[in-house]
Amino acid sequence: LPSPHRKLVGNIVCMRGNLLQNNVNEHGVSISYMIVGRWSLSSGSDISNAFAYENRSISFKEQTQYPQSGNYAGWFNLTQHSGKIVRVSNCKMKLCFCQNSAGAWNIDGTGVNEFGTYNITGTLSENMRDIEMYRHFPKSKKTENTTLKLISNCPANPELFPSGWIVKTFRLKNNTRHLDKFWFSPQLKQSFRTLSEAQQ
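Residues numbered from 1 in each chain as written. Predicted model: local features only at pLDDT ≥ 70, side-chain atom pairs only at ≥ 80, totals over all residues. Heavy atoms only, no water.

In total, this model carries two salt bridges according to the counting rule given. One salt bridge connects Glu-132 with Lys-7, and the closest N-O pair in it is separated by 3.2 Å. In this pair, Glu-132 is assigned in strand S8 (residues 130-136) and Lys-7 in the segment before strand S1 (13-24), connecting sequence segments 125 residues apart. Among the residues examined, Lys-7 registers a relative accessible area of 57% and is labelled exposed. We note a salt bridge from Arg-16 to Glu-132, for which the minimum N-O separation is 3.2 Å. (Salt bridge = Lys/Arg side-chain N within 4 Å of Asp/Glu carboxyl O. Helix = DSSP H or I, 4+ residues; strand = E, 2+ residues; numbered from the N terminus. Buried < 20%, exposed > 50% of the residue type's maximum accessible area, 1.4 Å probe, protein only.)

What follows is the structure in structure tokens.
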């Protein structure tokens with residue numbers, strides 16, 4: 001059996017909560033599974049928002065497997081700079097539960113939401129209830145390109161973005177006329193390729 005996934009610390013999206021069986025059928029078998037809890041932008045942050053994801057089984061064989069791997073859909077709340085809380089739909093997340101050498105369960109997965117594609121790692125406790133997952137957004141390949149040279153790094157237009165947003169302008173080293181701009185969100189710790197993507 002594989003070793004347990006290690007706990008991560010620092011600036012990474014962290015989701016902590018419980019895995020629950022929901023909606024039992026006439027045979028006493030659960031037909032849906034919920035992951036509910038709170039998430040934060042850092043594993044040590046005191047600021048958090050609610051989230052909930054659900055997996056609905058299709059076949060009887062799937063209903064008897066627990067914990068339930070497969071597709072999960074749901075939502076998470078996001079606190080904006082103004083303090084307003086908005087609900088973000090997250091309908092494409094696939095999780096796989098695999099028992100580890102400590103008697104608990106490793107979690108691996110992938111997903112997509114309006115902020116981009118991400119990977120999931122985490123653990124489910126031995127009692128198959130307490131869950132901790134981390135959402136990994138890949139770094140922008142464009143900004144990692146060594147042929148790009150950073151020529152400006154300045155605050156974004158305050159009329160369009162909250163305080164803290166940054167606009168980074170890059171130039172190809174072998175092309176002095178071509179410029180690339182990226183809008184960086186300090187809250188999401190993610191860069192956006194276009195102005196319209198950043199404002200969504």
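With that settled, consider the nonpolar core. Ile-35, Tyr-72, Leu-95, Phe-97, Ile-107, Ile-120 and Met-133 are the most contacted members of the largest nonpolar core, which has 30 residues in total. Only S1, strand S2 (30-40), strand S3 (49-56), strand S4 (70-79), strand S5 (85-99), strand S6 (105-113), strand S7 (116-124) and S8 provide two or more residues apiece to this core. Sort the elements by how many residues they give to this core and S5 lands first, with four residues. Residue contacts for Ile-107: discarding those within four places in its chain leaves His-5, Leu-95, Cys-96, Phe-97, Ile-120, Thr-121, Gly-122, Thr-123, Leu-124, Ile-131 and Met-133. (Core = buried A, V, L, I, M, F, W, Y, C linked by side-chain atoms within 4.5 Å. Contact = heavy atoms within 4.5 Å.)

Right, let's talk about the pairing of S8 for a bit. Counting buried positions over the seven residues of S8 gives five, a clear majority of the element. Note that S7 and S8 share six bridges and pair antiparallel. In the strand pairing of S8, Gly-122 is matched with Met-133. (Pairing = 2+ DSSP bridges.)

On to the confidence of the model for the protein, then. For the protein, per-residue confidence averages 82 on the pLDDT scale, and 81% of positions sit at 70 or higher. For the protein, helix H2 (residues 141-144) is the element with the lowest average pLDDT, namely 48, and S8 is the one with the highest, namely 95. (pLDDT = per-residue confidence, 0-100.)

Attention shifts here to the packing of aromatic side chains. Following the criterion strictly, the structure yields five aromatic pairs and no others. For the ring pair Phe-51 and Tyr-53, a centre distance of 5.7 Å and an interplane angle of 35° mean the geometry is tilted. Exposure class is identical for Phe-51 and Tyr-53. Each is buried. Aromatic ring contacts, followed pair by pair, group Trp-39, Phe-76 and Phe-115 into a single cluster. The residue whose ring lies beneath Lys-168 is Phe-184, and the NZ or CZ to ring-centre distance is 5.5 Å. (Phe/Tyr/Trp six-rings, centres within 6.5 Å; stacked < 30°, edge-to-face > 60°. Lys NZ or Arg CZ within 6 Å of the ring centre and 35° of its normal.)

Our next topic: unusual backbone geometry. Located in the positive-phi region is Met-128, a residue other than glycine, with phi close to 60°. By the secondary structure assignment, Met-128 is in the loop between S7 and S8.

With that settled, the discussion passes to empty space enclosed by the protein. Within the structure shown, the criterion is met by one cavity of 30 Å³ or more. Roughly 90 Å³ of internal volume is contained in the largest cavity. Every residue lining the largest cavity is listed: Val-13, Trp-39, Leu-41, Phe-76, Asn-113, Phe-115, Arg-135, Phe-137, Leu-188 and Gln-190. When grouped by side-chain class, the residues that make up the lining of the largest cavity number seven nonpolar, two polar and one charged. (1 Å grid on protein atoms, 1.4 Å probe; cavity = no way out; pocket = protein on both sides within 12 Å on 5 of 7 lines; lining within 4 Å. Points joined across faces, edges and corners; volume = space filled by probe spheres on them. Nonpolar A, V, L, I, M, F, W, Y, C, P; charged D, E, K, R; others polar.)

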